Amino acid sequence: MATFTLAKALNDGLRKAMEDDPKVLIMGEDVGKLGGVFRVTDGLQKDFGEDRVIDTPLAESGIIGTAIGMAMRGYRPVCEIQFDGFVYPAFDQIVSQLAKVHYRSRGKIKMPVTIRIPFGGGIGAVEHHSESPEAYFAHTAGLKVVACSNPADAYHMIRQSIASDDPIIFLEPKRRYWEKADFDPAAEPGPLHQARVVRPGSDVTVVAYGPMVKVALDAATAAEEDGRHLEVIDLRTLSPLDSGTVVESVRRTGRLVVVHEAPTTLGMGSELAARVTEQAFYSLEAPVLRVGGFDTPYPPSRLEEDFLPDLDRVLDAVDRSLAF
Amino acid sequence: MTLGDIGVPVQSEQSGGPELVQLLTPEGERVHHPDYPLEVTAEEVRDLYRDLVLVRRLDVEATALQRQGELGIWASLLGQEAAQIGSGRALRPGDMAFPSYREHGVAWCRGVRPGELLSLYRGNDFGGWDPSETNLGLYSIVIGAQTLHATGYAMAMQRDGGEDASIAYFGDGASSQGDVNEAFVWASVFNAPVVFFCQNNQWAISEPIEKQSRIPLFQRARGFGFPGVRVDGNDVLACLAVTRAALDAARTGQGPTLVEAYTYRMGAHTTSDDPTRYRLASELEIWRLRDPIERVKAYLSRSGEADAAFFESVQEQSDELAGQVRSACVDMPDPHPLDIFTEVYAEKTPHIDAQRDGFAAYLDSFEGVQH
Ligand SMILES: Cc1ncc(C[n+]2csc(CCOP(=O)(O)OP(=O)(O)O)c2C)c(N)n1
Ligand SMILES: [Mg+2]
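What you see is a predicted model, and the numbers here were worked out from it, not measured in a lab.

Procedures and definitions
Residues numbered from 1 in each chain as written. Chains lettered and ligands numbered in written order. Predicted model: local features only at pLDDT ≥ 70, side-chain atom pairs only at ≥ 80, totals over all residues. Heavy atoms only, no water. Helix = DSSP H or I, 4+ residues; strand = E, 2+ residues; numbered from the N terminus. Rg over C-alpha atoms; globule rule 2.2 N^0.38 Å. Areas by Shrake-Rupley, 256 points an atom, 1.4 Å probe, with all protein chains shown as cover. Lys, Arg positive; Asp, Glu negative; His and termini not counted. Charge placed at Lys NZ, Arg CZ, Asp CG, Glu CD. Axes fitted to C-alpha atoms, helices over the stretch in contact; angles between N-to-C directions. Parallel < 35°, antiparallel > 145°, perpendicular 65-115°, else oblique. Left-handed = near helix turned anticlockwise from the far one by under 90°. Contact = heavy atoms within 4.5 Å. Donors = N, O, S within 2.8 Å, 3.2 Å for Na, K, Ca; no water. Buried < 20%, exposed > 50% of the residue type's maximum accessible area, 1.4 Å probe, protein only. Near = heavy atom within 4 Å. Polar contact = N/O pair within 3.5 Å; in protein donor to acceptor, adjacent residues only side chain to side chain. Nonpolar A, V, L, I, M, F, W, Y, C, P; charged D, E, K, R; others polar. Domains from an automatic or database assignment. Core = buried A, V, L, I, M, F, W, Y, C linked by side-chain atoms within 4.5 Å. Buried area = accessible area lost by both parts, 1.4 Å probe. Salt bridge = Lys/Arg side-chain N within 4 Å of Asp/Glu carboxyl O.

**Focus on the overall build of chain A**
Logical step 1: What chain A contains, in helices and strands, is twelve helices and 14 strands.
Logical step 2: Its C-alpha atoms give chain A a radius of gyration of 19 Å, within 12% of the compact-globule value 20 Å for 324 residues.
Logical step 3: Its C-alpha atoms put chain A at 60 × 40 × 40 Å along the principal axes.
Logical step 4: With an accessible surface of roughly 12,400 Å², chain A has 52% of that area assigned to carbon and sulfur atoms.
Logical step 5: Computed over 35 positive and 47 negative side-chain charges, the separation of the two mean positions in chain A equals 6 Å.

**Comments concerning the packing of helix 1 (residues 6–20) of chain A against helix 7 (residues 151–163) of chain A**
Residues and elements named next belong to chain A.
Logical step 1: Closest axis-to-axis distance for the helix 1/helix 7 pair is 8 Å, and the angle between their directions is 30 degrees. Comparing the axis directions of helix 1 and helix 7 gives the class roughly parallel. In this structure, helix 1 meets helix 7 at a crossing whose hand is right-handed. The residues of helix 7 that touch helix 1, namely those facing Leu6, Ala9, Leu10, Asp12, Gly13, Leu14, Lys16, Ala17 and Asp20, are Pro151, Ala154, Tyr155, Ile158, Arg159 and Ile162.

**Brief notes about the coordination of the magnesium ion (ligand 2)**
Residues and elements named next belong to chain B.
Logical step 1: At 2.1 Å from the magnesium ion (ligand 2) lie its protein donor atoms, namely Asp172 (OD), Asn201 (OD1) and Trp203 (O).
Logical step 2: Motif for the magnesium ion (ligand 2), donor spacing along one chain: D-x28-N-x1-W. Remark: Trp203 occurs in strand 4 (residues 203–204) and Asp172 occurs in the loop between strand 2 (166–171) and helix 7 (178–189); sequence separation between them is 31 residues.
Logical step 3: By relative accessible area, which is 1% here, Asp172 ends up buried.
Logical step 4: Assessed through its relative accessible area of 8%, Trp203 is described here as buried.

**Some thoughts on the site of ligand 1**
Logical step 1: Around ligand 1 there are 20 residues in total, and Glu60 of chain A together with Tyr101, Arg102, Ile141 and Gly173 of chain B lie nearest to it.
Logical step 2: Ligand 1 is flanked by residues contributed from chains A and B.
Logical step 3: Residue Tyr101 of chain B places a side-chain N or O atom 2.5 Å away from an oxygen atom belonging to ligand 1.
Logical step 4: Ile143 of chain B places a polar main-chain atom, nitrogen or oxygen, 3.1 Å from a nitrogen atom of ligand 1.
Logical step 5: Relative to its unbound accessible surface of 580 Å², ligand 1 loses 95% to contact with the protein.
Logical step 6: A breakdown of the residues in the shell around ligand 1 according to their chemical character gives ten nonpolar, six polar and four charged.

**A look at the domain arrangement of chain B**
Logical step 1: When the domains of chain B are assigned, the result is domain 1 (4–330) and domain 2 (337–371).
Logical step 2: On a C-alpha basis, the centres of domain 1 of chain B and domain 2 of chain B stand 41 Å from each other.

**Focus on the nonpolar core**
Logical step 1: Ile64 and Ile94 of chain A together with Tyr121 and Phe196 of chain B are the most contacted members of the largest nonpolar core, which totals 175 residues.
Logical step 2: Discounting residues that sit within four places of it in the chain, Ile64 of chain A has contacts with Cys79, Ile81, Ala90, Gln93, Ile94, Leu98 and Ile115 of chain A.

**A word on the interface of chain A and chain B**
Logical step 1: Each partner contributes to the interface: chain A provides 40 residues, whereas chain B provides 43 residues.
Logical step 2: Here chain A and chain B share an interface that buries about 3,300 Å² over both sides, 59% of which is from carbon and sulfur atoms.
Logical step 3: When the buried surface of chain A facing chain B is broken down by residue, Leu58, Glu127 and Arg302 of chain A rank first, second and third, together holding 21% of it.
Logical step 4: There are three salt bridges connecting chain A and chain B.
Logical step 5: Taken together, chain A and chain B are joined by 15 residue pairs in polar contact (both at pLDDT 80 or more).

Written out as structure tokens, the structure is:
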């Protein structure tokens, strides 16, 4: 057992992946000497050299486009997009190119590319630094999308993503980078594409991922004082979506609240609501409720506390679900 | 074949090379350039000096406000005052400027008030000024995007007739973006009246210019089919003359110009950055000797175009400005939570109104509740 921040766990996971496989490369803006603006790649260029930890010119489309070429030649690029809001210049390369190479080549070309994106708000940043773009990618066939919520998952999930032969959008909850936890790096991780019940309960199922898992857990602790037992699920994988774990839970609780920072319209909550309605309709005691960002652009940072779901808004939804 | 063989100059000591346009040396000596004659009165030079001192003071005060928690972040223009004031003062009222996020000096020239400038960095809004009133676009944090907007705006100006031009500000790092290169293509083939003003401050956060380009940036213009010029970005007179000439070319139907203002980012990238992790202090020493303000002061003193009383009055004005910047910042009212829902669309939608009303009711439910 050792104590890690989430950022350090990612750093160790990247280091291990690079040690294990000489084909693993890191590419991005400021990932070298600086170690990335969040220091996730700290020290890696020093130890693995400039050929394996590449400070790229400042162009996201170029980062992903060249990673595709590298992957065609057998490398396993791990691309860092500096902030969520800066992934859009690379959108064509991700959605029209990366996502489709395997399909178009009838499986002859694999795309083991990992795209790391610090995502979500809550750090008081200026615009374009707090977004939650996951639905765009989860909507795109050919991509896989995962989100870690804690240091242990960060360590294992980044290694599993790099080892995968499919392109993976790897979402990192930037406001949790500095949160610490103990874990044993040598322990065997569960499968990458599986959700996890992180707190069992019997009254309402609350599903979250990335930065909102902590909010959901805090809400469960608060609800416990009122005698309400929330079951909290960390979704972990958004595509493929592990709705099975969620459906199984809802069959027991009869109620579901989905929490994310992204705007609710056509967000992950919408898809879960549809699947649960399809697969567990007769178990439902209340409509599936979504707690998310509003359908507005991400606001200036002095308003983000109002925009972002918090403990009160989760409990409010729990109340409404139970009152139904 | 070496880089030298194909005409790639070795950038020694970051001197800017022989093609650097300079009208005022770092020592404050007035020199002349055949292509950029500049007639300036003593009063104009004094005004430029005042601008330089005031925007530096505004910047220093904003940095202090960030340190005290009054701003979320600040991107300092320290070292780049001349590039911004020189080019900003070359603009005519009808011209349109498209800034990046560090162009506080340009904003100053466009009449943006300190509070309007700071509100974005305080987290209150996305820029407090009215772009149509000031002819300054909102800051663009997404690197390079604004160069295309400037080009499209110029194409619109072209269709409207008249003698207006637009100018796009961006950095050396931004020059790698697809958007910037597309803007070059557009401006070139449509002969758009736009000036691309690149402040090459040698760094894009931790990446030195060598990570973006193997040739001096101004030389890229040639491949796109329009002229490029490298100007001493720490020389306010040269920046004024070169930008004015580029704008005049645009106004008179000669199309775009790329101006590379060769300068240096003296501070951190932003207040969140720690440059000691990636660059040497010795580099700073070289550039300190090329300070954009000191050379104007030396020139004004030596030529007798300004006396001690003038410098004192500028100092007083700068103290006054610092106070105004501070109070404009700390007295700024916080935005209201329901502001989140305003102006999402030009034509209102019932869905957003319903979300706003729902959130208002939710907030009201806490009225009188201890939490
Ligand atoms: C599309 C995009 N990618 C990444 C960033 C993050 N970022 C902010 S500033 C910066 C460096 C910009 O360097 P340069 O263009 O030289 O401008 P300077 O900051 O030096 O003025 C980066 C990478 C961004 N804002 N936008
Ligand atoms: Mg720069």
